[in-house]
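Per-entry structural report
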Amino acid sequence: MKQQKPESKAISSKLGQNKAIVFDSGVLISFSMNGITGIIRRLKGVFPGKFLITSEVKREVIDVPLRIKKFELEALNIKALLDERVIELPSSIGIKDSEIEKADNEMLGIANSTFSGKGREIHILDHGEASCLALSKILTEKGVKNVIAIDERTTRLLVERPENLKGIFEDRMNTRVTIKNQNLKFFRDFMIIRSAELAYVAYKKNLLDLKNGLVLDALLYALKFKGAAISGDEIEQIKRIG
């Protein structure tokens, strides 16, 4: 049996049952805009592991919005999750920002050179999403099972259906788009979950305050209209599962 490195053992012990969800900015913002960050607290109570955000995501959802009156309340709602250790920074399990930044820059370089059209490379990732991919990669390398909670469509398609992303770019740019297929292997093994799916889990586990039969419909459409990239057809599919 392959032995874990000492630092991997230390991280495993801090993670409880050795699992994590890495949250991107959009998911946290969608929950905060709808006033339902309490759902994240309750999900944390039944999840055997850590809820993590990178320093870059913290900057996007707390540090910058706290200086903008329009977004101050949303930022305070998310900051409360961090203050209560519902969500935590990677340093809480011994992962350094410098380690994430190195992997983040690698992800950006690869992702933003994967698609080309009209004689130039197409920019598809920024530091927030790339930092989530970087942290997920580091966690996986350390033996920590993890998923990324992300609503941003481009990143999800890069991981799940890059050919669909190629088609979107071709329609948008009205030109032929090429893919460096060798780059796609770097994004193949990430696991993705959306805010709507987290809401569905909360519904199935009876973690919602409202017990009305319409609550799942209301919750999913509220997320859709405030940032979550989900179609009406996808919502109806989720409801049929429920």
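The structure we're discussing is the one just above.
Calculation notes
- Residues numbered from 1 in each chain as written.
- Predicted model: local features only at pLDDT ≥ 70, side-chain atom pairs only at ≥ 80, totals over all residues.
- Heavy atoms only, no water.
- Pairing = 2+ DSSP bridges.
- Helix = DSSP H or I, 4+ residues; strand = E, 2+ residues; numbered from the N terminus.
- Contact = heavy atoms within 4.5 Å.
- Axes fitted to C-alpha atoms, helices over the stretch in contact; angles between N-to-C directions.
- Buried < 20%, exposed > 50% of the residue type's maximum accessible area, 1.4 Å probe, protein only.
- Polar contact = N/O pair within 3.5 Å; in protein donor to acceptor, adjacent residues only side chain to side chain.

1. Regarding the sheet that holds strand β3 (residues 115–117)
Sheets are built from strands that pair by backbone hydrogen bonding, the pairs being arranged parallel or antiparallel. The sheet built from 3 strands is open, its strands ordered β4-β3-β6 with antiparallel pairing. Bordering the open sheet on either side are β4 (120–121) and β6 (177–179), each of which pairs with just one other strand. Taken together, the 2 bridges between β3 and β4 define a ladder with antiparallel strand orientation. Opposite Gly117, over in β4, you have Arg120 as the bridge partner. Against the sheet, helix α9 (residues 162–173) contacts β3, β4 and β6, and its axis sits at roughly 155° relative to β6.

2. A closer look at helix α8 (residues 153–160)
Each full turn of the α-helix corresponds to 3.6 residues, which orients residues three or four apart in the same direction. Along α8, 6 of the 8 residues are buried, which leaves the element largely enclosed by surrounding structure. Along α8, the residues classified as buried are Thr154, Thr155, Arg156, Leu157, Leu158 and Val159. Looking at the packing, one finds that the buried side of α8 touches α6 (97–111), β3, α7 (127–141), α9 and β7 (192–193). Among the residues of α8, the N-terminal cap falls to Glu152, whose side-chain oxygen and the backbone nitrogen of Thr154 are separated by 3.3 Å.

3. Quick word on the pairing of strand β1 (residues 19–23)
Buried residues dominate β1, accounting for 4 of its 5 residues. Pairing geometry for β1 and strand β5 (residues 145–149), over 5 bridges, is parallel. Looking at the pairing, Lys19 lines up with Lys145 of β5. Where β1 lies against strand β2 (residues 50–52), 3 bridges are found, and the strand directions are parallel. Among the inter-strand pairings, Ala20 is bridged to a residue of β2, identified as Lys50.

4. Looking at the sheet that holds β7
In spatial order, the strands read β2-β1-β5-β7; together these 4 strands make up an open sheet with parallel pairing. At either margin of the open sheet sits one strand with a lone partner, and together these are β2 and β7. Pairing of β5 with β7 involves 2 bridges; the strand directions are parallel. When the sheet's bridge partners are listed, Ala149 is paired in β7 with Ile193. Packing against the sheet, α7 makes contact with β1, β2 and β5, and its axis sits at approximately 170° to β5.

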